[in-house]
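Listed below are the residues making up each chain.
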Amino acid sequence: ELKVEQNPLFLSMQEGKNYTIYCNYSTTSDRLYWYRQDPGKSLESLFVLLSNGAVKQEGRLMASLDTKARLSTLHITAAVHDLSATYFCAVDIFGNTGKLIFGQGTTLQVKP
Amino acid sequence: EAGVTQFPSHSVIEKGQTVTLRCDPISGHDNLYWYRRVMGKEIKFLLHFVKESKQDESGMPNNRFLAERTGGTYSTLKVQPAELEDSGVYFCASRRTATNEKLFFGSGTQLSVL
């Protein structure tokens, strides 16, 4: 069965702390997406990771992809309240069709 | 550039009624997708249009769901008759070509079937 699993599903952290969200997927994919969603808003694209070893950074967020381990990580550095949102990873295993398999989402709450 | 627009943002209907959701993709985006998130579950693919043609409708739950994209512009998703289990958030997404481009999502339609 095709599965994408995120860990943890809920994360409460203090401002200034570091943490990592993990995304494991069960079948081969060389294309992984990270999205952010604020309540009631659209899914905003954060990163598209296209190859093994890919690493991308934007502000306090850094994403990486290990296709051999079927694992992607989203690392948060020195969290701030504005990062509070739900983060989704998704894989496209059907040859870049846009038919994505999503993880359950990780709800991040950053406390002052 | 306007983003992906969905209408309505919320819809509350009774079981057995019909509801039509609309999605306006970003101008020039040939690829249009519908996804759905049922409460407590993952976001799941419903179908994919390339221009006005259905490329993949493997995720459509059953024949109560009908999607159209006349003229290759906006798309509608009709649920008739609606059932309780159809409640959830319906997202639309688009992208220009089948490249490595990311999908641009709308803010979704929250459908509640009572």
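Before going into details, it helps to say that this report is about the structure given with it. Source: prediction; values computed, not measured.

**Thoughts on the overall build of chain B**
Item 1. Summing up its helical and strand segments, chain B has zero helices and eleven strands in all.
Item 2. Moving toward the C terminus, one meets the helices and strands of chain B in the order β-β-β-β-β-β-β-β-β-β-β.
Item 3. Computed over C-alpha atoms, the radius of gyration of chain B comes to 13 Å, within 12% of the 13 Å expected from 2.2 N^0.38 for 114 residues, which places it in the range of a compact globule.
Item 4. In terms of overall dimensions, chain B has a C-alpha envelope of 40 × 25 × 25 Å along the principal axes.
Item 5. Counting the 114 residues in chain B, one finds 46% classified as buried.
Item 6. Residue pairs in contact within chain B that sit at least 24 positions apart in sequence constitute 52% of those at least 6 positions apart.
Item 7. Surface accessibility of chain B: about 5700 Å² in total, with carbon and sulfur atoms responsible for 49%.

**As for the sheet that holds strand E3 (residues 19–24) of chain B**
All names here are of chain B.
Item 1. Strand order in the open sheet formed by four strands is E1-E3-E8-E7, with antiparallel pairing between adjacent strands. The two strands at the open ends of the sheet, each matched to only one other strand, are strand E1 (5–7) and strand E7 (65–68). The sheet shows a mean angle of 15° between the axes of neighbouring strands, taken without regard to direction.
Item 2. The sheet contact formed by E7 and strand E8 (residues 75–79) spans four bridges and is antiparallel. Looking at E8, one finds that Phe65 is bridged to Val79.

**Digging into the sheet that holds strand E1 (residues 4–7) of chain A**
All names here are of chain A.
Item 1. Ordered in space as E1-E3-E8-E7-E6, the five strands form an open sheet in which the pairing is antiparallel. Across the chains shown, the open sheet's two edge strands, defined by having one partner strand only, are E1 and strand E6 (55–58). Here the strands of the sheet are splayed against their neighbours by 15° on average, with no regard to which way each runs.
Item 2. As paired strands, E1 and strand E3 (residues 19–25) are joined by four bridges and run antiparallel to one another. Within E3, the position partnered with Asn7 by the bridge is Tyr22.

**Quick look at the pattern of salt bridges**
Item 1. As enumerated under the stated definition, the model contains eight salt bridges over all chains in all.
Item 2. The partner of Lys54 of chain B in a salt bridge is Glu57 of chain B, and the shortest N-O contact between them spans 3.9 Å.

**A closer look at the interface of chain A and chain B**
Item 1. Contacts between the two partners involve 20 residues from chain A and, on the opposite side, 20 residues from chain B.
Item 2. Connecting chain A to chain B are one salt bridge.
Item 3. A salt bridge links Lys99 of chain A to Asp56 of chain B, with the shortest nitrogen-to-oxygen separation between them at 3.3 Å.
Item 4. Taken together, the connections running from chain A to chain B amount to eight residue pairs in polar contact (both at pLDDT 80 or more).
Item 5. Going through the elements one at a time, strand E4 (32–37) and strand E5 (43–49) of chain A are the ones with two or more residues in the side of chain A that touches chain B.
Item 6. Of the residues that constitute the side of chain A that touches chain B, the class distribution is eight nonpolar, nine polar and three charged.

**Remarks on the state of the cysteines**
Item 1. In total, this model carries two disulfides over all chains according to the counting rule given.
Item 2. Here Cys23 of chain A connects covalently by a disulfide to Cys89 of chain A, the sulfurs 2.0 Å from one another. Linking Cys23 of chain A and Cys89 of chain A, the disulfide has an S-S dihedral of approximately 85° and is accordingly described as right-handed. Of this pair, Cys23 of chain A sits in strand E3 while Cys89 of chain A sits in strand E9 (residues 85–91), placing them 66 residues apart in sequence. Cys89 of chain A matches Cys23 of chain A in its accessibility class, with the two residues each being buried.
Item 3. Disulfide pairing places Cys23 of chain B opposite Cys92 of chain B at an S-S distance of 1.8 Å. With the S-S bond torsion at -65°, the cross-link from Cys23 of chain B to Cys92 of chain B turns out left-handed. A residue pair is termed long-range when its members are at least 10 positions apart, and Cys23 of chain B in strand E3 and Cys92 of chain B in strand E9 (residues 88–95) qualify at 69 residues.
Item 4. Taking relative accessible area as the criterion, Cys23 of chain B reaches 0% and is therefore assigned buried.

**What about the pairing of E3 of chain B?**
All names here are of chain B.
Item 1. What you see with E3 is a clean split: Val19, Leu21 and Cys23 sit on the buried side and Thr20, Arg22 and Asp24 on the side with no burial.
Item 2. Of the strand pairs in this sheet, E1 and E3 are connected by three bridges, and their pairing is antiparallel. The residue of E3 that forms the bridge with Gln6 is Cys23.
Item 3. With five bridges connecting them, E3 and E8 associate as antiparallel partners. Residue pairing in the sheet places Thr20 in a bridge with Lys78 of E8.

So, how was this worked out
- Residues numbered from 1 in each chain as written.
- Chains lettered and ligands numbered in written order.
- Predicted model: local features only at pLDDT ≥ 70, side-chain atom pairs only at ≥ 80, totals over all residues.
- Heavy atoms only, no water.
- Helix = DSSP H or I, 4+ residues; strand = E, 2+ residues; numbered from the N terminus.
- Rg over C-alpha atoms; globule rule 2.2 N^0.38 Å.
- Buried < 20%, exposed > 50% of the residue type's maximum accessible area, 1.4 Å probe, protein only.
- Contact = heavy atoms within 4.5 Å.
- Areas by Shrake-Rupley, 256 points an atom, 1.4 Å probe, with all protein chains shown as cover.
- Pairing = 2+ DSSP bridges.
- Axes fitted to C-alpha atoms, helices over the stretch in contact; angles between N-to-C directions.
- Salt bridge = Lys/Arg side-chain N within 4 Å of Asp/Glu carboxyl O.
- Polar contact = N/O pair within 3.5 Å; in protein donor to acceptor, adjacent residues only side chain to side chain.
- Nonpolar A, V, L, I, M, F, W, Y, C, P; charged D, E, K, R; others polar.
- Disulfide = S-S within 2.5 Å.

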